[in-house]
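# Chains, contacts and geometry: an overview
Now for the letters of each chain:
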Amino acid sequence: MEYTQLGRTGLKVSRLVLGTMNFGPQTDEADSHTIMDAALDAGVNFFDTANVYGWGENKGRTEEIVGSWFAKGGGRRDKTVLATKVYANMAPDGEPAWPNHDKLSALNIRRAVDASLRRLGTDHIDLYQFHHVDRDTPWDEIWQAMDVLVQQGKILYAGSSNHAGWHIARANETAARRGSLGLVSEQCLYNLAERRAEMEVVPAAEAYGLGVIAWSPLHGGLLGGAIRKQQEGGSSRSTSGRAADALADPAVRARIQVYEDLLAKHGLEPGEVALAWLLTRPGVTGPIVGPRTTAQLASALRAVDLKLSDDLLASLDEIFPGPGPSPEAFAW
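Structure report, in brief. (Residues numbered from 1 in each chain as written. Predicted model: local features only at pLDDT ≥ 70, side-chain atom pairs only at ≥ 80, totals over all residues. Heavy atoms only, no water.)

Okay, unusual backbone geometry next. Note that the residue after S326, namely P327, is joined by a cis bond; omega there is 5°. By the secondary structure assignment, P327 is in the loop between α13 (310–319) and α14 (328–331). Positive phi outside glycine occurs at H219, with the angle close to 50°. Checked against the element boundaries, H219 lands in the loop between β9 (211–215) and α8 (226–233). (Helix = DSSP H or I, 4+ residues; strand = E, 2+ residues; numbered from the N terminus.)

What follows concerns α8. When α8 is considered as a whole, its buried residues turn out to be A226, I227 and Q230. For α8, the angular spread of the buried residues around the axis is 100°, confining them to a single face. Residues of α8 that are buried in the fold lie against α9 (241–247) and α10 (250–266). (Buried < 20%, exposed > 50% of the residue type's maximum accessible area, 1.4 Å probe, protein only. Arc of directions from axis to C-beta. Contact = heavy atoms within 4.5 Å.)

Let us now look at the layout of surface pockets. Put simply, the largest pocket is a space of about 1,400 Å³. In this structure, the largest pocket is lined by 49 residues; those nearest its centre are N22, G220, G221, G290 and R292. At the level of elements, α8, α9, α11 (270–279), β10 (284–289) and α12 (294–304) are the ones that each hand at least two residues to the lining of the largest pocket. The greatest single-element share of the lining of the largest pocket, amounting to five residues, is contributed by α12. Looking at side-chain class alone, the lining of the largest pocket contains 18 nonpolar, 22 polar and nine charged residues. (1 Å grid on protein atoms, 1.4 Å probe; cavity = no way out; pocket = protein on both sides within 12 Å on 5 of 7 lines; lining within 4 Å. Points joined across faces, edges and corners; volume = space filled by probe spheres on them. Nonpolar A, V, L, I, M, F, W, Y, C, P; charged D, E, K, R; others polar.)

Right, let's talk about the sheet that holds strand β3 (residues 17–19) for a bit. The strands making up a sheet associate through backbone hydrogen bonding, with each pair oriented either parallel or antiparallel. Taking strand neighbours around the barrel as the criterion, the eight strands line up as β3-β4-β5-β6-β7-β8-β9-β10 in a closed arrangement whose pairing is parallel. The average undirected angle you get between the axes of adjacent strands in this sheet is 25°. The sheet contact formed by β9 and β10 spans three bridges and is parallel. Note that in β10 the partner of I213 across the bridge is G286. (Pairing = 2+ DSSP bridges. Axes fitted to C-alpha atoms, helices over the stretch in contact; angles between N-to-C directions.)

At a minimum axis separation of 7 Å, helix α2 (residues 61–70) and helix α4 (residues 106–120) run at an interaxial angle of 50°. Accordingly, the angle class assigned to the pair α2 and α4 is oblique. On α4, the residues that touch E63, E64, V66, G67 and F70 of α2 are S116, R119 and L120. Looking at side-chain class alone, the contact of α2 with α4 contains three nonpolar, two polar and three charged residues. (Parallel < 35°, antiparallel > 145°, perpendicular 65-115°, else oblique.)

An α-helical segment advances 3.6 residues per turn. Residues three or four places apart therefore align on the same side. Turning to α12, its buried residues are L297, A300, L301, A303 and V304. Considered in projection along α12, the buried side chains sweep an arc of 145° and stay on one side of the axis. On the buried face of α12, the contacting elements are β3, α1 (29–41), α11 and β10.

Think of a pair of aromatic rings as described by two things: how far the centres are apart, and how the planes are tilted against each other in angle. Within this structure, the stated rule accounts for eight aromatic pairs. A ring pair is formed by Y53 and W55, whose centres lie 5.4 Å apart and whose planes are at 45°; its orientation type is tilted. Taken together, F47, W69 and F70 form an aromatic cluster joined through their ring pairs. Directly above the ring of F70 sits R77, whose terminal nitrogen or CZ lies 5.3 Å from the centroid. (Phe/Tyr/Trp six-rings, centres within 6.5 Å; stacked < 30°, edge-to-face > 60°. Lys NZ or Arg CZ within 6 Å of the ring centre and 35° of its normal.)

It is worth spelling out the nonpolar core at this point. In this structure, Y128, F130, W143, M146, Y190, Y259 and L316 are the most contacted members of the largest nonpolar core, which totals 78 residues. Of the residues forming this core, the biggest block, seven residues, is contributed by α11. Setting aside its immediate chain neighbours within four residues, Y259 contacts L192, L223, P270, V273, A274, L316, I319 and F320. Grouped together as the second largest cluster of nonpolar side chains are 12 residues, V17, F46, V81 and L127 included. (Core = buried A, V, L, I, M, F, W, Y, C linked by side-chain atoms within 4.5 Å.)

To continue, consider the pairing of strand β7 (residues 155–161). Buried residues dominate β7, accounting for six of its seven residues. Pairing geometry for strand β6 (residues 125–130) and β7, over five bridges, is parallel. What sits directly across from I125, in β7, is I155. In this fold, β6 hands off to helix α5 (residues 139–152), which returns the chain to β7; that crossover is right-handed. Relative to strand β8 (residues 183–189), β7 is paired through three bridges, and the arrangement is parallel. Bridge pairing in β8 places A158 opposite L183. Following the chain from β7 across helix α6 (residues 165–178) to the adjacent parallel β8, one finds a crossover that is right-handed. (Right-handed = clockwise from strand over helix to strand, strands pointing away.)

This brings us to the environment of L223. Summarising the element assignment, L223 is placed in the loop between β9 and α8. Overall, the relative accessible area of 0% leaves L223 in the buried class. Sequence separation between L223 and E260 is 37 residues; the distance between their C-alpha atoms is 8.4 Å.

Rendered as structure tokens:
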């Protein structure tokens, strides 16, 4: 496994981030523990979760599964850089949030961190992330709440997720004014097929010393050999969700076909190439992989050792061109 610093911090994390979103909804507790053990054995030390994972009536269940894995001992917690998130309405789906039981008020941050700590069975969270932007709460209040948590030893670092470039700038300018460390990471949608983050988010993260953590690196499976899987499965049902919806668009399907044909010519697996491509991108700490099985984890691990040639990278840019630098990309 390769490691890097998380943004401008001294924290050393693996280039792959183990995402736990499927633990509970799609992968049972025993298999989830097996995947986490395999990841740790392979050197993956950066685990990402969120208070809302588990979904529906089971929000919080994923954190509980991670917590029961920590409880097995064997140095599991000490070896893991633990990241979770705050923002979500934790009431069952369809039920409105009770006032101050969601978003980023100081009151909800205090309540949510204590609930996550109980579910995770730990005394601190290494990276506490704002899952979404809260347009109603000023950054001064957010940082006041986070500074208290740091002083109490409940969290070490703060990160953002799904924030625009100007949100990152405003957050860290406010933090600097207060003498706070500010955001050290941004978790954003970023992959070969979705490169809008390169316009503003990635440059802002680089400028302010944030590590970029890419979620949905396979774009819902679209970049993981979706067309080949359809053909091998004999029907469109072998590819589902976002990938199936995207492939219904003839233009998207044609582009993905070119992508898969290119990699087949090189004898490469599409999903592994999509992950390896992200590891070449400036500012990227690592992609989040969300395996449902140990076989999927093994495939993701191979991406770390996969070196893409300059010619192949150029071909990928031709298939999936980025937006270009800002402001040139939109100004003229």
